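Structural features, examined
Residue-level listing of the chains:
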Amino acid sequence: MAGARRGLESLLRLPSVSSTVKNALDSVLSGGIISSPEVVDRLLNAGPDEYEAICVAADELRKAQVGDAVSFVVNRNINFTNVCVKRCGFCAFSRDAKKSDEGYVLPIKEVVRRASEAKALGATEVCIQAGLLPHMDGVKYLHLVAAIKEAEPSLHIHAYSPEEILYGSKLMDLPVSEYLKHMKGAGLGSLPGTSAEILDKEVRNLISPGRISVDNWLEVIRTAHGLGIPTTSTMMYGHAEKMSHVARHLLLLQQTQRETQGFTEFVPLSFVSEHAPMAQPGFRGPRAKPVTVRKGPSRVERILVHAVSRLVLGRFIPNLQVSWVKEGLEDAKSILECGANDLGGTLMNESISTAAGSRFGQLQTPSQLKAAIRELRRVPVERSTTYRVLRRFDVDPAADEREATGAAQSPLDQVQDHDERFGSYATLIHDERFKYDNDFSTRLT
Ligand code: SF4
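Residues numbered from 1 in each chain as written. Predicted model: local features only at pLDDT ≥ 70, side-chain atom pairs only at ≥ 80, totals over all residues. Heavy atoms only, no water.

Going by an unreviewed UniProt entry, the protein chain carries the name FO synthase subunit 2 and comes from Porphyridium purpureum. According to UniProt, the comment filed for the protein chain under the heading Cofactor (unreviewed entry) is "[4Fe-4S] cluster". (UniProt positions renumbered as here; feature names shortened; annotations may be inferred.)

Next comes the structure, spelled out in structure tokens:
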């Protein structure tokens with residue numbers, strides 16, 4: 001994209017670029033803040049020339065705010081159960097214990113084994129998220145964190161969405177703040193800011209009635225930040241929302257970050273529709289009303305949403321992640337040229353998007369991520385969960401040569417049959433060892 005780009009100044013002179021867009025870009029590039037929902041909505045509804053100008057401006061802003069590095073984290077996802085009491089319309093991962101025999105629960109021993117295996121392969125983080133088990137005991141969420149920490153003290157535990165924290169705290173009859181203090185004491189390092197989707201009551205009621213409310217989501221996030229527990233921030237878009245909802249979501253995150261400074265990154269997540277219940281014919285929402293959902297955002301929309309996110313949030317949340325699981329590595333590269341500066345994690349296991357129909361697999365090795373970043377003439381950086389630089393891979397022909405011959409590859413690069421080694425969602429839901437049954441609870445002790 002960079003090669004075909006026109007300069008920003010000539011783009012801003014075009015009559016097809018409105019004064020609202022021009023003024024917003026001028027302002028943000030000279031250190032201003034975009035805080036009007038109408039302006040953000042206008043940017044998100046850009047025409048073709050405006051779209052190009054927004055992308056160029058977002059790229060310039062990215063360069064000024066975080067430079068040319070593109071970061072990634074070596075991590076592993078562990079979704080310890082797919083059994084869930086909720087019925088989110090976009091979720092193809094969860095199973096209803098009463099209606100499906102594809103429910104699984106990983107014993108603590110297996111979760112710890114997976115974490116130790118990841119550590120031995122160079123991971124610095126495990127990301128733990130799961131369904132909300134019926135008859136769960138809130139203390140078991142704490143046991144899980146403590147067991148991983150005991151086995152692997154140096155691993156960063158990035159665990160539990162605000163929805164899971166709220167669920168666990170209610171099960172233990174504790175205020176969120178007390179529950180989070182226990183979590184921190186057990187070894188929790190940070191929270192994924194998932195379960196946000198679109199932070200708007202109307203949209204949530206349509207796509208996931210019964211999901212954590214906007215107020216509760218903000219309460220968990222603000223409480224975590226107040227306790228020194230950082231979180232990420234996310235948005236899932238391309239379904240039932242309008243651009244005005246996206247605009248308000250971005251500004252709510254901006255406002256929260258200005259108050260707490262606890263977000264480490266923002267990750268726009270495009271809706272994967274293929275197997276999502278609410279995208280299937282005949283799906284009915286609350287009170288049996290038909291729900292109209294789009295089948296995910298277009299490519300242009302995905303690029304535009306990332307670019308506008310840089311403009312609105314970059315000054316406050318400098319790290320903008322593009323998810324290779326959602327976008328694929330090719331489109332992720334285009335998005336890295338329009339405001340993003342992070343490629344997320346290696347993952348090793350990916351079940352949630354894969355179950356919904358994502359086709360981009362469950363692992364990108366450090367070498368694959370580095371190669372993609374170098375194609376853009378940017379500098380790969382391995383980071384920690386909280387964006388501390390762990391290794392910077394500046395251009396070094398000797399090191400490239402060693403890597404090409406395998407001599408300097410990371411242990412994760414050398415794993416040959418990923419699915420066999422790490423397992424896949426398709427095999428997990430039929431694995432008799434982990435089948436959900438009424439006795440699951442003893443396994444989480
Ligand atoms: S998104 Fe989470 S809470 Fe909702 S159904 Fe899926 S696993 Fe359960």
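Structure's up, so let's keep going.
Considerations on the overall build of the protein chain
Looking only at helices and strands, the protein chain has 19 helices and 10 strands in total. For the protein chain, the C-alpha atoms occupy an extent of roughly 70 × 60 × 40 Å along the three principal directions. When contacts within the protein chain are restricted to residue pairs at least 6 apart in sequence, long-range pairs at least 24 apart make up 77% of them. Accessible area for the protein chain stands at about 18,200 Å²; split by element, carbon and sulfur atoms hold 51% of it. Treating the 54 positive side-chain charges of the protein chain as one cloud and the 54 negative ones as another, the clouds have centres 3 Å apart. (Helix = DSSP H or I, 4+ residues; strand = E, 2+ residues; numbered from the N terminus. Contact = heavy atoms within 4.5 Å. Areas by Shrake-Rupley, 256 points an atom, 1.4 Å probe, with all protein chains shown as cover. Lys, Arg positive; Asp, Glu negative; His and termini not counted. Charge placed at Lys NZ, Arg CZ, Asp CG, Glu CD.)

Brief notes about helix α4 (residues 48–66)
With 19 residues, α4 should cover 27 Å at 1.5 Å per step; its first-to-last C-alpha distance of 27 Å lies within 8% of that length. On its buried face, α4 is in contact with α1 (8–12), α2 (19–29), α3 (37–44), α12 (299–313) and α13 (324–336). Once α4 ends, the next one or two residues include Gly67, with phi positive near 75°. (Expected span 1.5 Å × (residues − 1).)

Remarks on the side chain of Asp342
On the secondary structure map, Asp342 appears in strand β8 (residues 342–345). According to the relative accessible area criterion, Asp342 is buried, its value standing at 0%. A polar atom in the side chain of Asp342 sits 3.1 Å from the side chain of Gln321. A polar contact of 3.3 Å, which involves the side chain of Asp342, links it to the side chain of Tyr387. Apart from the residues within four sequence positions on either side, Asp342 is in contact with Val70, Ser71, Phe72, Glu265, Leu320, Gln321, Val322, Leu336, Arg383 and Tyr387. (Buried < 20%, exposed > 50% of the residue type's maximum accessible area, 1.4 Å probe, protein only. Polar contact = N/O pair within 3.5 Å; in protein donor to acceptor, adjacent residues only side chain to side chain.)

Quick look at the site of the ligand
By nearness alone, every residue bordering the ligand is listed as Cys84, Lys86, Cys88, Phe90, Cys91, Ser94, Gly131 and Arg211. Tallied by class, residues from the shell around the ligand come to 4 nonpolar, 2 polar and 2 charged. (Near = heavy atom within 4 Å. Nonpolar A, V, L, I, M, F, W, Y, C, P; charged D, E, K, R; others polar.)

Details of the packing of helix α8 (residues 176–186) against helix α10 (residues 214–226)
Interhelical geometry of α8 versus α10 gives an angle of 50° and a closest axis separation of 10 Å. Comparing the axis directions of α8 and α10 gives the class oblique. In the packing of α8 onto α10, the handedness of the crossing is right-handed. Residues Val176, Ser177 and Leu180 of α8 lie in contact with α10, whose contacting residues are Glu219, Val220, Thr223 and Ala224. For the contact of α8 with α10, a count of residues per class yields 4 nonpolar, 2 polar and 1 charged. (Axes fitted to C-alpha atoms, helices over the stretch in contact; angles between N-to-C directions. Parallel < 35°, antiparallel > 145°, perpendicular 65-115°, else oblique. Left-handed = near helix turned anticlockwise from the far one by under 90°.)

Remarks on the sheet that holds β8
The strands making up a sheet are joined through hydrogen bonds of the backbone, oriented either antiparallel or parallel. Taken in spatial order, the 4 strands make up an open sheet running β8-β1-β9-β10, and their pairing is mixed. The open sheet has two edge strands, β8 and β10 (389–392), and neither has a second partner. Each adjacent strand pair in this sheet contributes to an overall mean axis angle of 25°, direction not counted. Here strand β9 (residues 379–383) runs beside β10; their pairing, made up of 3 bridges, is antiparallel. (Pairing = 2+ DSSP bridges.)

Notes on the pattern of salt bridges
What the rule picks out here adds up to 32 salt bridges. Lys99 is the partner of Asp96 in a salt bridge, and the nearest nitrogen-oxygen pair spans 3.9 Å. The closest approach of N and O atoms between Glu330 and Lys333, which form a salt bridge, is 3.0 Å. Of this pair, Glu330 and Lys333 both sit in helix α13, 3 residues apart, roughly one helical turn. Under the relative-accessibility criterion, Glu330 is labelled exposed at 56%. (Salt bridge = Lys/Arg side-chain N within 4 Å of Asp/Glu carboxyl O.)

Here's the deal with the packing of α13 against helix α15 (residues 366–375)
At their nearest, the axes of α13 and α15 sit 9 Å apart, and the two run at 40° to each other. The pairing of α13 with α15 is recorded here as oblique in orientation. Contacts between α13 and α15 pair Trp324, Leu329 and Lys333 from the former with Gln368, Leu369, Ala372 and Glu375 from the latter. The residue inventory of the contact of α13 with α15, partitioned by class, reads 4 nonpolar, 1 polar and 2 charged.

Focus on the pairing of strand β3 (residues 125–128)
Every second residue of β3 is oriented toward a common face, with Glu125 and Cys127 on one face and Val126 and Ile128 on the other, all of them buried. Bridging between strand β2 (residues 75–78) and β3 involves 4 bridges; their strand directions are parallel. The residue of β3 that forms the bridge with Arg76 is Val126. In this fold, β2 hands off to helix α5 (residues 108–120), which returns the chain to β3; that crossover is right-handed. (Right-handed = clockwise from strand over helix to strand, strands pointing away.)

A closer look at the environment of Val203
Mapping Val203 onto the fold places it in helix α9 (residues 201–207). Val203 sits 160 residues away from Leu363 along the chain, and the two C-alpha atoms are 32 Å apart. With sequence-adjacent residues up to four places away left out, Val203 is seen in contact with Ile198, His239, Glu241 and His245.

Considerations on the environment of Pro209
Looking at the secondary structure, you find Pro209 in the loop between α9 and α10. Sequence-wise, Pro209 and Gly89 are 120 residues apart; in three dimensions their C-alpha atoms are separated by 8.4 Å. Once residues within four sequence positions are removed from consideration, Pro209 is found in contact with Arg204 and Pro286.

Quick look at the packing of aromatic side chains
Enumeration according to the criterion identifies 4 aromatic pairs in this entry. Here Tyr141 and Tyr160 contribute two aromatic rings whose centre-to-centre distance is 5.0 Å and whose plane-to-plane angle is 80°, an arrangement assigned as edge-to-face. Linking Tyr141 in helix α6 (residues 139–151) with Tyr160 in the loop between β4 (156–159) and α7 (162–171), this pair joins segments that are 19 residues apart in sequence. Grouped by ring-pair contacts, the aromatic residues Phe80, Tyr141 and Tyr160 constitute a single cluster. Across the ring face of Phe393, the terminal group of Lys370 is positioned such that the distance to the ring centre comes to 4.0 Å. Directly above the aromatic system of Tyr387 lies the positively charged group of Arg383, at a separation of 3.9 Å from the ring centroid. (Phe/Tyr/Trp six-rings, centres within 6.5 Å; stacked < 30°, edge-to-face > 60°. Lys NZ or Arg CZ within 6 Å of the ring centre and 35° of its normal.)

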